[in-house]
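Spelled out, the chains give:
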Amino acid sequence: MSCCTTDHAPLRMTMTKESQPGDKILLPKLKCQRNCENCKSKQERNGLKDKKKLLLVPLIVFITFLQSQAQEAAPAKTFWDDPFTHPMLPLYVVTALVFITIVLVIVVALYMLKILNLMLKQAEAEKAERSGVVLTPKVSWWQQWWDKMNAAVPVAQEQDIDMGHSFDGIRELDNHLPPWWKWLFYATIVWGVVYIGVYHLFDTLPLSIGEYQNELAVAEEQAIIRKASQPVAAIDENTLVYTTDAAILEKGKVVFLGNCVACHRTDGGGNTIGPNLTDSYWLHGGGIKNIFTTIKTGVVEKGMPAWGKAMSPQEVRNVAFYIMSLQGSNPANGKAPQGERYEEPLKADSAVVKSDSLIVQR
Ligand code: HEC
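Conventions used here
Residues numbered from 1 in each chain as written. Predicted model: local features only at pLDDT ≥ 70, side-chain atom pairs only at ≥ 80, totals over all residues. Helix = DSSP H or I, 4+ residues; strand = E, 2+ residues; numbered from the N terminus. Buried ≥ 20, exposed ≤ 12 C-beta atoms within 10 Å, placed from the backbone. Contact = placed C-beta atoms within 7 Å. Pairing = 2+ DSSP bridges. Near = placed C-beta within 6 Å. pLDDT = per-residue confidence, 0-100. Axes fitted to C-alpha atoms, helices over the stretch in contact; angles between N-to-C directions. Parallel < 35°, antiparallel > 145°, perpendicular 65-115°, else oblique. Left-handed = near helix turned anticlockwise from the far one by under 90°. Nonpolar A, V, L, I, M, F, W, Y, C, P; charged D, E, K, R; others polar.

1. Here's the deal with the overall build of the protein chain
Argument step 1. Within the protein chain, the secondary structure is distributed over nine helices and four strands.
Argument step 2. The order of helices and strands in the protein chain, counted from the N terminus, is α-α-α-β-β-α-α-α-α-β-α-α-β.
Argument step 3. Out of the 362 residues in the protein chain, the part that is buried amounts to 12%.
Argument step 4. For the protein chain, long-range pairs separated by at least 24 residues make up 63% of all intrachain contacts whose partners lie at least 6 apart in sequence.

Rendered as structure tokens:
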């Protein structure tokens, strides 16, 4: 029978139940405390398994690193596309071999150490047996550290910290906080101080809102670059000429349905927020030039966004054309006219507005 059952493992708990004779107590499976041979060899086997795992991790990391390096070295054709003709191949092979050799040496050294240790222990045990001394096994540094971090009162000395309070047979012990817990707590305090310094006192790193604003700034920069790369030469309010180009109107309709309907209604008839865009009364002037300008620069203080910041000039033109095409469509329940009636300048007056093609389809 394995010794690692509860048959001889001591019950180690802060609060102990005073059991009555004949009570059946179900004990959890506890760690073997006696260090019997059976358990020792089991532990050793587990330890070796862990060590093997530990060695595998750096190997994988190294291979991944090699891979990324290879890709950086030749961006056009990566190392893995054709490894055998790659100029860096010999270097990689040598590095890999050196690495594998180092790993093997470490593995063998660890095994040797392990065996030496075992032999030493055995020799010591034999020597102790021959001379009739009771051998007290050396405590490993790991065990020492573990004990220090937990600093638990041994079961045998529990009566020293017994508070003398017994609740239904559950005794209260005056255990202090485990050192590992305390150190963790101190670490959070240090972290808090560093955090305040970095984020609030010296502004070394931006807060969430700052990060957001930085990202917005980058996005804005990218939008400017994107817009600059588009052919926009012909599109500005001074040279704009309205036509009923079906392709443009179709694109404008898409922009309108995607951005404007919340405030101007699907048919442009207006709602409680935005004005009617289908009548001939305008707050900011009718005609393609005024409409284009209003859409582009917006009336931000009145709740009309400046779409020129979010859209390309083409899109603003397309939607402006679409709004021109809605003129006189007279949708049901349209909002009452607002602003002044806009009359198209006559062709004769085209000294003011140079273009003579502001023909509104009515
Ligand atoms: C958040 C609501 C809102 C959205 C979205 C919106 N608008 Fe407006 N829009 C308004 C308001 C409010 C006004 C009136 C501004 C004023 O009172 O001066 C207005 C005015 C206008 C005018 C001028 C009307 C006039 O009488 O001079 C045009 C043209 C216009 N919007 C087009 C658009 C287009 C095109 C879109 C979509 C790309 C759009 N709007 C999206 C709220 C909005």
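2. Topic: the pairing of strand E2 (residues 170-173)
Argument step 1. Pairing of strand E1 (residues 162-167) with E2, which is carried by three bridges, proceeds in the antiparallel orientation. Bridge pairing links Asp162 to Leu173 in E2.

3. Concerning the site of the ligand
Argument step 1. Around the ligand sit 27 residues, and of these Cys260, Cys263, Leu283, Lys302 and Met304 come closest.
Argument step 2. Listed by contribution, the elements that provide at least two residues to the shell around the ligand are helix H6 (246-259), helix H7 (261-264), helix H8 (287-297) and helix H9 (313-325).

4. Here's the deal with unusual backbone geometry
Argument step 1. The backbone of Ala151 shows a phi angle near 40°, a positive value even though the residue is not glycine.
Argument step 2. Residue Ala151 is classed as partly exposed on the basis of its C-beta count, with 13 C-beta atoms lying within 10 Å.
Argument step 3. For Asn333, which is not a glycine, the phi torsion comes out positive at approximately 55°.

5. A few points about the environment of Pro206
Argument step 1. Here Pro206 lies in the loop between helix H4 (179-201) and helix H5 (208-228).
Argument step 2. Ignoring any residue separated from it by four or fewer positions in sequence, one finds Pro206 in contact with Glu211 and Asn214.

6. What about the pairing of E1?
Argument step 1. In terms of burial, E1 is largely open, as just zero of its six residues are buried.
Argument step 2. Linkage of E1 to E2, two consecutive antiparallel strands, is achieved through a turn of two residues, within which Asp168 is found at a positive phi near 50°.

7. Details of the confidence of the model for the protein chain
Low-pLDDT portions of the prediction should not be read for the details of their coordinates.
Argument step 1. The predicted model of the protein chain has a mean per-residue pLDDT of 80, with 73% of residues at 70 or higher.
Argument step 2. Across the protein chain, element-level confidence peaks in H4 with a mean pLDDT of 96 and bottoms out in helix H1 (residues 37-73) with 59.
Argument step 3. Taken together, the stretch residues 1-32 has pLDDT below 50 and engages in 35 contacts with residues farther than four places along the chain or on a different chain.
Argument step 4. Low pLDDT, under 50, characterises residues 348-362; the predicted model gives this stretch 22 contacts beyond four residues in sequence or across chains.

8. Structural notes on the packing of H8 against H9
The description of two helices packed together rests on the angle between their axes and the distance between the axes.
Argument step 1. Viewed as axis vectors pointing N to C, H8 and H9 meet at an angle of 130°, and their least axial separation amounts to 9 Å. What the angle tells us is that H8 and H9 run oblique. Crossing of H8 against H9: the hand is right-handed. Residues Ile288, Ile291, Phe292, Ile295 and Lys296 of H8 form the contact with H9, whose participating residues are Val316, Arg317, Val319, Ala320, Ile323 and Met324.
Argument step 2. Here the contact of H8 with H9 is composed, by residue class, of nine nonpolar, no polar and two charged.

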